[in-house]
Amino acid sequence: MPALSPIQSLLQANRDLIEAASRRTIQPAIDALATSGLPQAQSVLEKWQAREMWQRDSDGLFFYAEEVDRDTLRIFDFSTGEPLGDMPEDDFTQLKPNSGIRGLMGAALVSFQLNSDDPAVRGAALAGIERDGDASHLAPLRSVLDKDMDAANRARAERLERLLTVRFGESDAERVEAIGYFNGDLGVDARAALNPLVATTLRVGTTLPEGGNVARTLKVGSDALPRLEAYALLVDNDLAPPLLTVADNRAALEANIVDGQVGGIAVADLDSDETRARAYAALAAEGTVPLAATPDEIDTILDGFTFYETFAEPSALVTDAASDALTGIGTKVGFNQFLDLSLDGLSLASIYFLAAIGLAITFGVMGVINMAHGEFIMMGAYTGYVVQQIIPDYTLSLIVAIPAAFAVTFAAGVAMERLIIRWLYNRPLETLLSTFGVSIALQQLAKNIFGTQARPLTSPSWLDGSFQLNDVVGISYIRIAIFVLALIFLGIFLFIMKKTRLGLETRAVTQNPRMAASMGINPDRVNMLTFGLGSGIAGIAGVAIGLYAKVTSELGADYIVQSFMTVVVGGVGNIWGTLLGATMIGFLQKGIEWFNPANTLAAQTYMIIFIIIFIQFRPRGIIALKGRAAGD
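Residue numbering note: each chain is counted from 1, following its sequence as written. Two thresholds apply to this predicted model, a pLDDT of at least 70 for residue-level local features and 80 or more for giving and counting side-chain atom pairs, whereas whole-chain, interface and lining totals are computed over all residues. Derived side-chain values reflect all non-hydrogen atoms in the structure, with water molecules and hydrogen atoms excluded from consideration.

Participant: Would you mind going over the overall build of the protein in detail, with residue names and values included?
Facilitator: Along the backbone of the protein there are 26 helices and 12 strands. Against the globule reference of 26 Å for 632 residues, the protein gives a C-alpha radius of gyration of 39 Å, more extended than a compact globule. Out of the 632 residues belonging to the protein, those deemed buried represent 43%. When contacts within the protein are restricted to residue pairs at least 6 apart in sequence, long-range pairs at least 24 apart make up 68% of them. Of the roughly 32200 Å² that the protein leaves accessible, carbon and sulfur atoms contribute 57%. Asp and Glu count as negative and Lys and Arg as positive, but His and the ends of the chain are not part of the count. We put the charge of a Lys on NZ, of an Arg on CZ, of an Asp on CG and of a Glu on CD. Between the centroid of the 47 positive side chains of the protein and the centroid of its 68 negative side chains there is a distance of 16 Å. By the criteria applied, helices consist of DSSP H or I runs no shorter than four residues and strands consist of E runs no shorter than two, each listed in order from the N terminus. Values of the radius of gyration come from C-alpha atoms, whereas the globule rule sets the reference at 2.2 Å times the count of residues to the power 0.38. Only protein chains enter the accessibility calculation, which uses a 1.4 Å probe; a residue whose area is less than 20% of its type maximum is buried, one above 50% is exposed, and one in between is partly exposed. Contacts are residue-level and defined by heavy atoms, with any inter-residue pair within 4.5 Å sufficient. Here the open area of atoms and residues is found with the Shrake-Rupley method and a 1.4 Å probe, where only the protein chains shown may cover a residue.

Participant: Run through helix 19 (residues 477–499), naming residues and quoting values.
Facilitator: Every helix has an expected span of 1.5 Å times one less than the residues it contains. In this model, helix 19 (23 residues) spans 32 Å end to end at C-alpha, consistent with the 33 Å of a helix rising 1.5 Å per residue. Those residues of helix 19 that fall on the buried side of the exposure criterion are I478, I482, L485, A486, F489, L490, F493, I496 and M497.

Participant: Could you give an account of unusual backbone geometry, with specific residues and numbers?
Facilitator: Across residues other than glycine, the phi torsion is negative in most instances, and most of the peptide bonds are trans. For R51, which is not glycine, the phi torsion reads 60 degrees and is therefore positive. Structurally, the position occupied by R51 is in the loop between helix 4 (41–49) and strand 1 (53–56).

Participant: Outline the pattern of salt bridges, listing residues and values.
Facilitator: For this analysis, a salt bridge means a side-chain nitrogen from Lys or Arg found within 4 Å of a carboxyl oxygen belonging to Asp or Glu. Within this structure, the stated rule accounts for 19 salt bridges. In this structure, E19 engages R15 in a salt bridge whose closest nitrogen and oxygen atoms are separated by 2.8 Å. Here R15 and E19 lie together in helix 2 (residues 15–19), a separation of 4 residues that amounts to about one turn. Judged by relative accessible area, E19 falls into the partly exposed class, the value being 40%. What makes R15 partly exposed here is its relative accessible area of 27%. We note a salt bridge from E161 to R162, for which the minimum N-O separation is 2.8 Å. R162 carries the same exposure label as E161, and that label is buried. Counted as one network, the salt bridges with shared partners bring together R142, E161, R162 and E174.

Participant: Any details on the packing of aromatic side chains? Residues and values, ideally.
Facilitator: The criterion for an aromatic pair is that two Phe, Tyr or Trp rings (for Trp, the six-membered ring) have centres within 6.5 Å, with stacked assigned to planes under 30 degrees apart, edge-to-face to planes over 60 apart and tilted to the rest. Tallied over the full model, the rule gives 7 aromatic pairs. Judged by centre distance (4.9 Å) and plane angle (85 degrees), the ring pair of Y181 and F182 falls under edge-to-face. With a centroid separation of 4.1 Å and 5 degrees between ring planes, the pair formed by Y382 and F450 is classed as stacked. Separated by 68 residues along the polypeptide, Y382 in helix 16 (residues 373–390) and F450 in helix 18 (residues 428–450) bring together distant segments of the chain. Accessibility classification places Y382 together with F450 in one group, the buried group. The cationic tip of R479 hangs over the ring face of Y548; the distance from NZ or CZ to the ring centre is 4.9 Å. To sit over a ring, a charge needs its Lys NZ or Arg CZ within 6 Å of the ring centre and within 35 degrees of the ring normal.

Participant: I'd like a description of the sheet that holds strand 2 (residues 62–69), backed by residues and values.
Facilitator: Paired strands, in this sense, are two strands between which DSSP finds at least two bridges. An order of 4-3-2-1-5 is seen for the 5 strands of this open sheet, with the pairing classed as antiparallel. Strands at the two margins of the open sheet, each flanked by one partner only, are strand 4 (83–88) and strand 5 (92–94). In this sheet, adjacent strand axes meet at a mean angle of 40 degrees when their direction is disregarded. Strand direction decides the pairing type here: strand 3 (residues 72–76) and strand 4, joined by 5 bridges, are antiparallel. Interaxial angles span 0 to 180 degrees and are taken between N-to-C directions of axes, which are lines fitted to C-alpha atoms, for helices over the stretch in contact.

Participant: Can you break down a nonpolar patch on the surface residue by residue, with the values?
Facilitator: Patch criteria: residues need more than 30% relative accessible area and no salt bridge. Like-charged residues are merged within 9 Å; nonpolar side chains of Val, Leu, Ile, Met, Phe, Trp and Tyr are merged within 5 Å. On the surface, a nonpolar cluster with roughly 470 Å² of combined accessible area is contributed by F335, L339, F467, L469 and Y477. Along the chain, F467 turns up in strand 11 (residues 466–468).

Participant: Go over the nonpolar core, please, and point to the residues and values.
Facilitator: We call a set of buried Ala, Val, Leu, Ile, Met, Phe, Trp, Tyr and Cys residues a nonpolar core when their side-chain atoms join them within 4.5 Å. Counting 65 residues, the largest nonpolar core has L354, I545 and Y559 as the members making the most contacts within it. Those residues in contact with L354 that sit more than four places away from it in its chain are I482, L485, A486, F489, A541 and A544.

Participant: I'd love a proper account of the pairing of strand 2, names of residues and values included.
Facilitator: Sheet faces and side chains relate simply in a regular strand, where the side chains alternate between the two faces. Alignment of strand 1 against strand 2, held across 3 bridges, turns out to be antiparallel. Bridge assignment links M53 to a residue of strand 2, and that residue is Y64. Strand direction decides the pairing type here: strand 2 and strand 3, joined by 5 bridges, are antiparallel. What sits directly across from E66, in strand 3, is R74. What sits between strand 2 and strand 3 in their antiparallel hairpin is a turn of 2 residues.

Participant: Describe in detail the sheet that holds strand 6 (residues 200–205), supporting the description with residues and values.
Facilitator: Pairing is antiparallel in the open sheet, where 3 strands are placed in the order 6-10-7. If you trace the sheet from one side to the other, it starts and ends with strand 6 and strand 7 (214–218), each paired once. Taken over all neighbouring pairs, the strand axes of this sheet differ in orientation by 30 degrees on average, direction set aside. Across 4 bridges, strand 7 lies against strand 10 (residues 306–311) in antiparallel orientation. Across the sheet, the residue bridging to R216 is E309, located in strand 10. Lying on the sheet, helix 11 (residues 227–236) is in contact with strand 6 and strand 10; it crosses strand 6 at an angle near 75 degrees.

Participant: Go over the packing of helix 16 against helix 23 (residues 557–570), please, and point to the residues and values.
Facilitator: Remark: helix 16 packs on helix 23, axes separated minimally by 8 Å, with the N-to-C direction vectors making an angle of 130 degrees. Considered as vectors, helix 16 and helix 23 are oriented oblique to each other. Here helix 16 and helix 23 pass one another in a crossing that is right-handed. On helix 23, the residues that touch H373, G374, E375 and I377 of helix 16 are A557, Y559, I560 and S563. Under the convention adopted here, Pro, Cys and the residues Ala, Val, Leu, Ile, Met, Phe, Trp and Tyr are nonpolar, Asp, Glu, Lys and Arg are charged, and Gly plus all remaining residues are polar. Taken together, the residues of the contact of helix 16 with helix 23 break down into 4 nonpolar, 3 polar and 1 charged. Oblique is the label for every angle not falling under 35 degrees (roughly parallel), over 145 degrees (roughly antiparallel), or within 65 to 115 degrees (roughly perpendicular). Crossing handedness: left-handed means the near helix sits turned counterclockwise from the far one by under a right angle, and right-handed means the same turn made clockwise.

Here is the structure:
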């Protein structure tokens, strides 16, 4: 018989343990493989765990095999990995470890994977421990930390070692030190490891237990422990009889009337709570009914017991350290939640500003109440959708969609101004009604062309995901892009109004149209271009909003109210006022939603009420305009 390979010799040395494998007895065989230093040991554990390991009946040697068909196996040598040929399955016995044994093998395999030279293999092993770590992973993690490894995996391994030490450390000092590692840590995994240490259970006894880790004692009748809940706990622990209700008492007495008496008391005398209680007590003494306590007896019974909460963790040192760490973490989480809420408010403010900047021109500068402004936003979103149908590259289509949306809505705005608006200047009611009719017509036209279902306006892949500062603070890249776009258009608007002839003429017509006309400025032309500019910017806002919102014919209706509120609150005709108005409304809405996150409609209602009150004190908005609009 040829000499056995080292791996086969090791398996034969542990043959008895392997053949009679059980979770209680197999560990020495697994340890022998894991600590052997043989390169084939990992393969043996993997094949054994996967139930691909077989033993030849004739000589007891171990191999791994693949099934060729129902009756044939292709046998492989563990030492070389070479196939030894196809053999009848009846000559072999398959090793089928149960789930407990496979778990022990998995823990052993972690050590091999953590010591792999491949960072991807190490990362996969660490990911497995992150999902389902236990005490058996501590030793492999600690051993691998003494070896060279890439920085990312080392940081993950160090964190996992600390997390597992918190849960499974051998001494209190070791666990307290590991808990200190997470002071101020915002990771969800840290809180998941610490919270179970301070979990409490409500208990009751005649005195406090000696040596128990008591969290606090509770006073009966306090908010933490109402009287009836305290008494129910006594009943659940068989420390007091059930509470006798009026209905139960009446039913028991009626069921036990004998010769006109109950418990030796005449039925005619059962006209008070005291006599009914005595009758029930007599029945209970006879064993006719179960023992029960009356409501008047509750306080007397409760006075004989102490109610307290105990930690699930027996060590007071550990729970004190965990409580201190969680207090610090809670403070830091609260600050970061405020920061995250501020980012949400800033993001919403940028969306409202982008939606309102066009209205700030048409309504703020020209004084035109354009109820179709939301539909210009909707037209811009649909323009982006159409461009994406023509240009499948999402980045290029977005670059093309922005000027295309501006051109389409600019043209629509100019046409609307020439055909409708210019005949209705200084007639606000007629302007409101006519533009409202236009908005309905545009919505119906969109439904006829694109249907009623939402159309996708897909963002480029580089806008997918979010920027995560930590486990609490994060913001999507689309929201960041909209914020940047809002800043860009703020700059463009300021440049147009301050550095171009159109801006100069617009400001002149805004402040004094007659004087501007006498200086050679054509107010009709300025109004037309200004209305077109505002409409065009609304179209670009539609492209940006369509990247994260559903593109339907009602898209604009979702933003028209907020756009008007933004302009009015900020100050009609002032771009800086519009910016401040958008910021105030965005932060206000997010703040209200934080108190009632399940009801955004209520948040919008409260916000509108607040704005109504605000306008009572600042009717001209945050920044009041001087000139014609102020006079109006």
